[in-house]
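# Summary of structural features
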Amino acid sequence: MSIFESTKQRFFGQILLSMKLPSLIPAIAADLARGDCAVVQLVSTAEAMLDRALANLSPEERAWLDIELSPREFLVDYLTAAFPVRQMRIYTDDSGTVRSEPMIDEAGQPVLCREAIAMRDQLLEQLCALPVIGSALDHIIGHFGTEAVAEVTGRSRRIIVDADGRQRIERRSARTNLAETDIFMRGEKRILIFSDAGGTGRSYHASLDTPNQSRRIHYLLEPGWRADAAIQGLGRTHRTHQACPPLFRPVSTDCRGERRFISTIARRLDSLGALTRGQRQTGGQGLFDPRDNLESDFARESLDQWFRLLFQGKLQSVRFDQFQSLTGLNLAGEGGGLTETLPTIQRWLNRILALRIDLQNAIFDEYLGLIEARVEKAREAGTLDLGVETIAADRISILDRTVIRRDPVSGAETEILRIETEERYRPLTLERAHWLLADPEARGLINPRSGKAAICRPTFSLTDEEGRTVRRYELVRPTRTERHRQDLFAETHWTDVDRASFDEAWQAECDAMAAQTRTQIIYLVTGLLLPVWGKLPDDHVQVWRLTSDDGQSLLGRLIPAPLVERIASAFGIAAHVAIDLGARVEHVRTSGEIMPIGSLRLKRALVAGDQRLELLDWKSDALPRLKAAGCFTEIIQHRTRLFVPPSRAVEILGEIAG
């Protein structure tokens, strides 16, 4: 790596670090107040800055230190080396193409542009007059003090500010890292800062063999330029024989270009999950969402769509010719269309980093909106590959099992299991709701019709096929989360309320749901799956793991209730696979599919912000009979609609279907 590239990387890294500090310090203080420990992972360059600063001091200045350790030095070096000051000559080559080349004088020396030199010097003068932003390492130590922060970075000396405000150099031996680690593991210091240089071979997890068994809040402050090093650092606080797992918090800024580095880590963790027999949580610990991986199939398809929208002039962030000029990417092909060899995702991301922050963010918002739309469609269709996930319930009972295939060679069986699960509702506590409302963009709402409370805050936007950005709200409720389009949200009945009314409604719903349980019937195809995989549905292909109450560990695919009999008959099984009406109703409520119930159809409908069960295809003369069975009507937009009360859905639908 050249000196120029190294300087540029340090410059960008230090600037991003300085942008994260205002939110990092309060977060660490909150962790300590809750009794947790904070572990900060970064790539330390503080000693390099200190060495360069000390090298320029005279003996008199060393006696009274007044050193500024900030990324300003990297910025000055970067601009000095990168600012274009060479005079260029424009010429036309033999093919008629206009080109440019650097000019040289008669002695072979480069010709410099005086105007460019003056612009560079003026810019350097202004930058050197800006306030100093310290390094993250020294900033954290300066705020919390050396008595609270254990530093494991491997640096041999550091600047310490005494009680009288004087700076002094504190020297650190080779054994200091080991001593600081022991102090943290004993609980004498509750903040640990480590880097690649100081963290090799050490463990910082809540080990059962150490006094400090508090939960670790692991901040990935600086991912760095090597994904393997960042992943290795994440594993230092998550080991076997621990009292509790850590909470990982990757810290990023509003600069969308930083997603480039987070994406690389997400991709590497996904690859690690593929090596652990499909258990993606083993590799990534659920740390990243599929939208975070900018090198996935969803991301590549979204990039192709983004290029097409750019060429068609449907994007609002940038024009086609403007993007080519700013990034140096040639996207125009022969015949006036797009080139067949579009840039790769890595090349596109690298060029995006060179743009201004506001333009960079606008492009990323449109691009991430395309990814979000594809991920949501795949999740709704059941084709999103999340690896093997575990069904966690308070009670899991196997009601019956039907063998649909027996291998003629090995004798291995493929079965359909009817399983009953019971799970308690675990509503979001009021304390957690207050934490969410601390966000300036979040607000508390109440639905006057239902009396339910919710937290409304902006969430990921979508980008439609025409390049339009669809802004959305996330509605956080005690037991679930919904997303609504911002332009349609005004049509709902949710209204802003004061904090006291919100707290009362939220707590009332939490108290009502805490004592309730949810029982459902699921169908699992388990056993030898590979020979029957082609006869199973193409959607909802995710593999699940569960452990029943009698200790059986099962691995298989969940099958929607309406398809169970069809799958059994496809294998020539004459035995009837029992499917109760409750499973059908639950499938409608969870999947949103429309299901036949006798001569009618049942579907899930969103009315006034509430999920209801609606009957379709009923005749007007049958309305009295349906209402007598327990259904109720509501006139919406001059049309009578028929609904089934969820609490009595199985009873009412059983009478109607009978």
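Residues numbered from 1 in each chain as written. Predicted model: local features only at pLDDT ≥ 70, side-chain atom pairs only at ≥ 80, totals over all residues. Heavy atoms only, no water.

Another point: the overall build of the protein chain. For the protein chain, the count of helices and strands is 22 helices and 27 strands. Buried positions account for 44% of the 658 residues belonging to the protein chain. Contacts spanning at least 24 positions in sequence make up 64% of the contacts within the protein chain whose residues lie at least 6 apart. Put simply, the protein chain shows about 34600 Å² of open surface, and 50% of that area lies on carbon and sulfur atoms. (Helix = DSSP H or I, 4+ residues; strand = E, 2+ residues; numbered from the N terminus. Buried < 20%, exposed > 50% of the residue type's maximum accessible area, 1.4 Å probe, protein only. Contact = heavy atoms within 4.5 Å. Areas by Shrake-Rupley, 256 points an atom, 1.4 Å probe, with all protein chains shown as cover.)

We now examine the sheet that holds strand β13 (residues 443-446). Reading across the sheet, the five strands line up as β18-β17-β14-β13-β19 and stay open at both edges, with antiparallel pairing between neighbours. Strand pairing shows two members of the sheet lacking a second neighbour, β18 (481-485) and β19 (495-496), which therefore form its edges. Here β13 pairs with β19 via two bridges, running antiparallel. The residue bridging Ile446 from the neighbouring strand is Thr495, located in β19. Here helix α16 (residues 430-437) sits on the sheet in contact with β13, β14 (453-458) and β17 (472-476), set at roughly 30° to β14. Running over the sheet, helix α18 (residues 499-514) touches β13, β14 and β17 and is turned about 115° from β14. (Pairing = 2+ DSSP bridges. Axes fitted to C-alpha atoms, helices over the stretch in contact; angles between N-to-C directions.)

For the rest of this paragraph, the subject is the pattern of salt bridges. Applying the stated criterion across every chain, the model contains 35 salt bridges. A salt bridge links Asp36 to Arg34; the shortest N-O distance between them is 3.6 Å. The class for Asp36 is buried, based on a relative accessible area of 10%. Note on Arg34: relative accessible area 44%, which makes it partly exposed. Within this structure, Asp31, Arg34, Asp36, Arg215 and Arg249 form a network of salt bridges that share partners. (Salt bridge = Lys/Arg side-chain N within 4 Å of Asp/Glu carboxyl O.)

Glancing now at the side chain of Thr237. Here Thr237 is to be found in the loop between α9 (227-234) and β9 (247-250). Here Thr237 falls in the buried class, since its relative accessible area comes to 1%. A distance of 2.8 Å separates polar atoms of two side chains, one belonging to Thr237 and the other to His218. With residues near it in sequence (within four places) discarded, Thr237 still touches Val39, Tyr204, His205, Arg216, His218, Gln242, Pro246 and Phe248. (Polar contact = N/O pair within 3.5 Å; in protein donor to acceptor, adjacent residues only side chain to side chain.)

Strand order in this open sheet of five strands is β4-β7-β1-β8-β9, and the pairing throughout is parallel. Each edge of the open sheet is held by one strand with a lone partner, namely β4 (149-152) and β9. For this sheet, the mean angle separating the axes of adjacent strands, direction not counted, is 20°. Bridge count for β4 against strand β7 (residues 191-194) is four bridges, and the pairing is parallel. For Glu151, the partnering residue across the bridge sits in β7 and is Ile193. Together, β1 (37-41), β4 and β7 form the strand contacts of helix α6 (residues 136-144), whose direction differs from that of β4 by roughly 155°. Contacts between helix α7 (residues 176-186) and the sheet are confined to β1, β4, β7 and β8 (216-220), with β4 contributing the most and set at about 145° to the helix.

In this model helix α5 (residues 114-128) runs 21 Å from its N-terminal to its C-terminal C-alpha over 15 residues, within 8% of the 21 Å that 1.5 Å per residue would give. Buried residues of α5: Ala116, Arg120, Leu124 and Leu127, and no others. The buried residues of α5 occupy an angular sector of 70° when projected down its axis, which confines them to one face. Away from the buried face of α5 by more than 90 degrees, exposed residues Arg114, Glu115 and Glu125 are located. (Expected span 1.5 Å × (residues − 1). Arc of directions from axis to C-beta.)

Of all five residues in β17, five are buried; the element is thus mostly enclosed. By the alternation rule, side chains of β17 split into Arg472, Glu474 and Val476 and Tyr473 and Leu475, which are all buried. Direction of pairing for β14 relative to β17: antiparallel, over a ladder of four bridges. Across the sheet, residue Cys456 finds its bridge partner in β17, namely Leu475. Relative to β18, β17 runs antiparallel, the two sharing five bridges. From the neighbouring strand, Glu474 faces β18, where its bridge partner is Arg483. Linking β17 back to β18 in an antiparallel pair, the connection comprises four residues.

It is the contact of α16 with α18, at a shortest axis distance of 10 Å, that shows an interaxial angle of 140°. The orientation of α16 relative to α18 falls into the category oblique. Every pair of crossing elements has a handedness; the one defined by α16 and α18 is right-handed. Listed contacts from α18 to Leu430, Ala433, His434 and Leu437 of α16 are Arg499, Phe502, Asp503, Trp506 and Gln507. Residues of the contact of α16 with α18, tallied by class, amount to five nonpolar, two polar and two charged. (Parallel < 35°, antiparallel > 145°, perpendicular 65-115°, else oblique. Left-handed = near helix turned anticlockwise from the far one by under 90°. Nonpolar A, V, L, I, M, F, W, Y, C, P; charged D, E, K, R; others polar.)

So, on to the packing of aromatic side chains. For the structure on display, the rule yields eleven aromatic pairs. Residues Phe364 and Tyr367 carry aromatic rings whose centres are separated by 6.5 Å and whose planes lie at 75° to one another, so their mutual orientation is edge-to-face. Of the two residues, Phe364 and Tyr367 both sit in helix α15 (residues 357-381), three residues apart, roughly one turn of that helix. Both residues of the pair, Phe364 and Tyr367, belong to the buried class. Each member of the aromatic cluster is reached from another via a ring pair, and the members are Trp306, Phe307, Phe323, Trp348, Phe364 and Tyr367. Directly above the aromatic system of Trp533 lies the positively charged group of Arg557, at a separation of 4.6 Å from the ring centroid. (Phe/Tyr/Trp six-rings, centres within 6.5 Å; stacked < 30°, edge-to-face > 60°. Lys NZ or Arg CZ within 6 Å of the ring centre and 35° of its normal.)

One broad rule of soluble globular proteins: the nonpolar side chains tend to lie buried together. Counting residues in hydrophobic clusters, the biggest one holds 26 residues, and the most contacted among them are Trp306, Leu310, Phe323, Trp348, Ile363 and Tyr367. For this core, the secondary structure elements donating two or more residues are α12 (297-311), α13 (320-327), α14 (345-352) and α15. For this core, the element with the most residues is α15, which contributes eight residues. Contact partners of Phe323, with chain neighbours within four places excluded, come to Trp306, Phe307, Leu310, Val318, Gly328, Leu329, Leu331, Trp348, Ile352 and Ile363. Listed in part, the 20 residues of the second largest apolar core include Leu24, Ile140, Ile141 and Ile191. (Core = buried A, V, L, I, M, F, W, Y, C linked by side-chain atoms within 4.5 Å.)

In this structure, His241 takes a positive phi of about 60° despite not being glycine. Assignment of secondary structure puts His241 in the loop between α9 and β9. Of note in the backbone geometry, His638 takes a positive phi value of approximately 65° without being a glycine. Along the chain, His638 falls in the loop between β26 (632-636) and β27 (639-644). With a relative accessible area of 83%, His638 lands in the exposed category.

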